[in-house]
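Reading the structure
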Amino acid sequence: MRGYITIPSSVSCASCIYCGARPIISMVEIGEYIVKCPNSDSHYQTEPGLIDMDDWNLHNTVLANRQVDVAPCPTTDHFFSLNGTIMTLENID
Ligand SMILES: [Zn+2]
């Protein structure tokens, strides 16, 4: 039995990174689902199993947008942010 489940619009999920389509959930086996692009099987789809929206979102988000703030600032330990002003610890009494 094959069936497709459309994802309610109330559920936030990434669009297909290739074509921008909203993903659908497809049942491949009883109790096994994939999240996939409705337009092409060659676009990303999750491994069969539980509905893994996190995996879909991870693979359909532009990586450049995910790497902001990832690299730790080497001077974090030495500076202190107060109301948007960066000051050195020496200046704080
Ligand atoms: Zn697609």
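Being a predicted model, the structure only gives us computed values, none of them experimental.

Some remarks on the overall build of the protein chain
A tally of regular secondary structure across the protein chain gives two helices and five strands. From first element to last, N terminus to C terminus, the protein chain shows the α and β order β-β-β-α-α-β-β. Burial statistics for the protein chain: of 93 residues in total, 11% are counted as buried. For the protein chain, the share of sequence-separated contacts (at least 6 apart) that also reach a separation of at least 24 residues comes to 21%.

What to know about the environment of I17
When you line up the elements, I17 lands in the loop between β1 (3-6) and β2 (24-29). Taking the C-beta count within 10 Å as the criterion, I17 has 15 such neighbours and is therefore assigned partly exposed. Sequence-distant contacts of I17, that is, excluding residues within four places in its chain, are made with Y44 and N60.

Some points on the sheet that holds strand β3 (residues 32-36)
Strand order in the open sheet made by the three strands is β1-β2-β3, with antiparallel pairing throughout. A single partner strand is all that each edge strand has here, and the edge strands are β1 and β3. On average, each strand axis in the sheet is inclined to that of its neighbour by 30 degrees, with strand direction left out of account. Relative to β3, β2 runs antiparallel, the two being bridged by five bridges. Residue M27 lies in a different strand from β3, and its bridge partner there is Y33.

Notes on the environment of N60
With respect to the helices and strands, N60 occurs in the loop between α1 (53-59) and α2 (63-66). Judged by the 19 C-beta atoms lying within 10 Å of it, N60 is partly exposed. Taking the C-alpha atoms as reference points, N60 and C13, separated by 47 residues in sequence, lie 9.3 Å from one another.

Notes on the environment of Y18
Tracing the chain through its elements places Y18 in the loop between β1 and β2. Y18 sits 25 residues away from H43 along the chain, and the two C-alpha atoms are 6.7 Å apart. For Y18, the contacting residues outside a window of four places in its chain are C37 and H43.

Examining the confidence of the model for the protein chain
Taken as a whole, the protein chain shows an average pLDDT of 78; of its residues, 65% reach a score of 70 or greater. Here residues 66-71 scores under 50 on pLDDT; set against residues more than four positions off or in separate chains, the count is one contact. With pLDDT under 50 throughout, residues 73-81 is counted as low confidence; its partners more than four residues away or in other chains account for eight contacts.

Quick notes on the rules
Residues numbered from 1 in each chain as written. Predicted model: local features only at pLDDT ≥ 70, side-chain atom pairs only at ≥ 80, totals over all residues. Helix = DSSP H or I, 4+ residues; strand = E, 2+ residues; numbered from the N terminus. Buried ≥ 20, exposed ≤ 12 C-beta atoms within 10 Å, placed from the backbone. Contact = placed C-beta atoms within 7 Å. Pairing = 2+ DSSP bridges. Axes fitted to C-alpha atoms, helices over the stretch in contact; angles between N-to-C directions. pLDDT = per-residue confidence, 0-100.

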